[in-house]
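One-letter residues, chain by chain:
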Amino acid sequence: MIITDIVAKRKKLSAIYIDGEFAVKIDSETLIASPFSVGSEITDEQLKQLIDDSDEKRAKEKALWLLSSRDHSSRELETKIKKTSGSEAAEKAVRRMEELGLVNDEKFARRYAGELINVKHLSVKGARYKLLEKGIDRDLADLILEEMAPDPREHIELLIEKKYSRYLSDEKGRKKTVAALQRMGYSWGDIKAVMSNYFEDEYI
């Protein structure tokens, strides 16, 4: 097979034409660093290696770009990279980010759990669901949440004062408040105990 043309494309890519027909788009820097140019002979194995090298380079660049905006869990990062790269390249990119210390699931989980509990005032149940959704190991999630262990009733009271107190004047608003708190993972028993403080009679 002979490379008959190379055409620069957008997003730092180059289109390679083999024997007069378009073959593949390759990362331009990977192509420049290779020994191949117009007129070069290339085997199937060499082309595959070139594609793999290009895929891995772009996967690492995507990882660094994503991490420049915020930290990610390893699974979250891998899932996003897979949207534009192959699975193997995505896995290698995440492993490299871990080696560099740029991805650390425990560090990520502690920061994210703190945000969920102390800023958004989610219940432990709600925070656990969010952590698992990000790909955090269940045992690690449970350990971190056990350490934080917020008082659910204190959090419910904070949420009512901050967001829902204006809804407690009628039954429709009270039901809306209960539903919202339950979606955040709080139990009916804790919700009922806190809401009872806002009424002369026991809230049922």
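Preceding block: the structure.
Because the structure is a prediction, the values reported are computed rather than measured.

A. Representation of the pairing of strand β2 (residues 13-18) within the structure. Among the six residues in β2, five count as buried, and that is most of the element. Two strands pair when backbone bridges link them, and strand β1 (residues 3-9) and β2 are joined in this way by six bridges, in the antiparallel orientation. When the sheet's bridge partners are listed, K9 is paired in β2 with L13. Between β1 and β2, which pair antiparallel in sequence order, lie three residues; one of them, K11, sits at a positive phi of approximately 60°. Across six bridges, β2 lies against strand β3 (residues 21-27) in antiparallel orientation. Across the sheet, I18 pairs through a bridge with E21, a residue of β3. In sequence, β2 turns back onto β3 through a hairpin of two residues, with D19 there showing a positive phi of about 50°.

B. How the structure looks around a positive patch on the surface. On the surface, K162, K163, R166, K172, K176 and R183 cluster together into a positively charged patch. At the level of secondary structure, the elements contributing two or more residues to the positive patch comprise α8 (152-164) and α9 (171-183). Among the elements that make up the positive patch, the one with the highest residue count is α9 (three residues). Of note, K162 is situated in helix α8.

C. Region of the structure containing the nonpolar core. With 27 residues, the main nonpolar core has L131, I136, I156, I160, L181, Y186 and I191 as its most contacted residues. Residue assignment for this core shows that the elements contributing at least two residues are α5 (105-119), α6 (124-133), α7 (138-148), α8, α9 and α10 (188-195). Among the elements that line this core, the one with the most residues is α5, at six residues. Those residues in contact with I160 that sit more than four places away from it in its chain are S165, L168, T177, L181, V194, M195 and Y198. A63, I81, A89 and M97 belong to the second-largest nonpolar core, a separate cluster that totals twelve residues.

Parameters at a glance
Residues numbered from 1 in each chain as written. Predicted model: local features only at pLDDT ≥ 70, side-chain atom pairs only at ≥ 80, totals over all residues. Heavy atoms only, no water. Buried < 20%, exposed > 50% of the residue type's maximum accessible area, 1.4 Å probe, protein only. Helix = DSSP H or I, 4+ residues; strand = E, 2+ residues; numbered from the N terminus. Pairing = 2+ DSSP bridges. Patch = residues over 30% accessible without salt bridge, like charges linked within 9 Å, V, L, I, M, F, W, Y side chains within 5 Å. Areas by Shrake-Rupley, 256 points an atom, 1.4 Å probe, with all protein chains shown as cover. Salt bridge = Lys/Arg side-chain N within 4 Å of Asp/Glu carboxyl O. Lys, Arg positive; Asp, Glu negative; His and termini not counted. Charge placed at Lys NZ, Arg CZ, Asp CG, Glu CD. Core = buried A, V, L, I, M, F, W, Y, C linked by side-chain atoms within 4.5 Å. Contact = heavy atoms within 4.5 Å.

Any link to function would need more than the numbers given here.
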